[in-house]
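Observations on the three-dimensional arrangement
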Amino acid sequence: ANRVGGRLLVVGPKKISRILEKGLLCYNGNFERVLDMARTAIEVSTVDQMRQCLDQLMKSQKLNIVRIKDRFESPTAGGWSDLQVNVEILSYNRGAERSTPTD
């Protein structure tokens, strides 16, 4: 967050009741599809800062990007617009690697 002039917001874990609701109603009981149980956010003021932040996430050897949702194109029912990036934190103990697809 600091590298791009943003602000880190620690949101905290999603409530169990919401995880159950989302898994059952949105994903037909497939709880593996609920990817946002542990949450944090980076708040930025400009599109350029958001692009820089996404570039940093993509370059990180400690994270694997699992999914990106562009909610600027399709805001939530409440009108919320953002770029949601779901990541997997890679474990050093398992020798996990991050690979970046190339064209």
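1. Re the overall build of the protein
Assigned secondary structure in the protein consists of two helices and four strands. Listing the helices and strands of the protein from first to last along the sequence gives β-α-β-α-β-β. Considering only contacts in the protein between residues 6 or more positions apart, those separated by 24 or more positions represent 51%. Per element, the accessible surface of the protein, about 8100 Å² overall, is 53% carbon and sulfur.

2. Let's talk about helix α1 (residues 16-26)
Buried within α1 we find I19, K22 and G23. Mapping the buried residues of α1 onto a view down its axis gives an arc of 95 degrees, with all of them on the same face. Away from its buried face by more than 90 degrees, α1 exposes S17, L24 and L25. Positioned one or two residues after α1, N28 has a phi angle of 50 degrees, which is positive.

3. Side note on the pattern of salt bridges
Applying the stated criterion across every chain yields a total of seven salt bridges. Of the charged contacts in the structure, one is a salt bridge between E21 and R18, with a shortest N-O distance of 3.0 Å. You can see E21 and its partner R18 sitting in helix α1, three residues apart, about one turn around the helix. Judged by relative accessible area, E21 falls into the partly exposed class, the value being 39%.

4. Details of a nonpolar patch on the surface
A grouping of I16, L20, L24, L25 and F31 is seen on the molecular surface, where their side chains present a nonpolar patch of about 520 Å² in accessible area. On the secondary structure map, L25 appears in helix α1. L25 sits in the exposed class, given a relative accessible area of 67%.

5. A word on the side chain of R67
Considering the arrangement of structural elements, one finds R67 in strand β3 (residues 63-70). Despite its burial, R67 pairs with no opposite charge, the nearest such side chain being D36 at 5.6 Å. Those residues in contact with R67 that sit more than four places away from it in its chain are Y27, R33, L35, Q84, V85 and N86.

6. Things to note about the side chain of K22
Topologically, K22 is positioned in helix α1. Only 2.9 Å separates the side chain of K22 from the side chain of D36, close enough to count as a polar contact. Beyond its immediate sequence surroundings of up to four residues, K22 is in contact with K14, Y27, V34 and D36.

7. Let's talk about unusual backbone geometry
A negative phi holds for most residues other than glycine; trans holds for most peptide bonds. If you check the backbone angles, N28 has positive phi at about 50 degrees while not being a glycine. Among the structural elements, N28 can be located in the loop between α1 and β2 (40-43). For N28, a relative accessible area of 77% puts it in the exposed group.

Criteria and thresholds
Residues numbered from 1 in each chain as written. Predicted model: local features only at pLDDT ≥ 70, side-chain atom pairs only at ≥ 80, totals over all residues. Heavy atoms only, no water. Helix = DSSP H or I, 4+ residues; strand = E, 2+ residues; numbered from the N terminus. Contact = heavy atoms within 4.5 Å. Areas by Shrake-Rupley, 256 points an atom, 1.4 Å probe, with all protein chains shown as cover. Buried < 20%, exposed > 50% of the residue type's maximum accessible area, 1.4 Å probe, protein only. Arc of directions from axis to C-beta. Salt bridge = Lys/Arg side-chain N within 4 Å of Asp/Glu carboxyl O. Patch = residues over 30% accessible without salt bridge, like charges linked within 9 Å, V, L, I, M, F, W, Y side chains within 5 Å. Lys, Arg positive; Asp, Glu negative; His and termini not counted. Polar contact = N/O pair within 3.5 Å; in protein donor to acceptor, adjacent residues only side chain to side chain.

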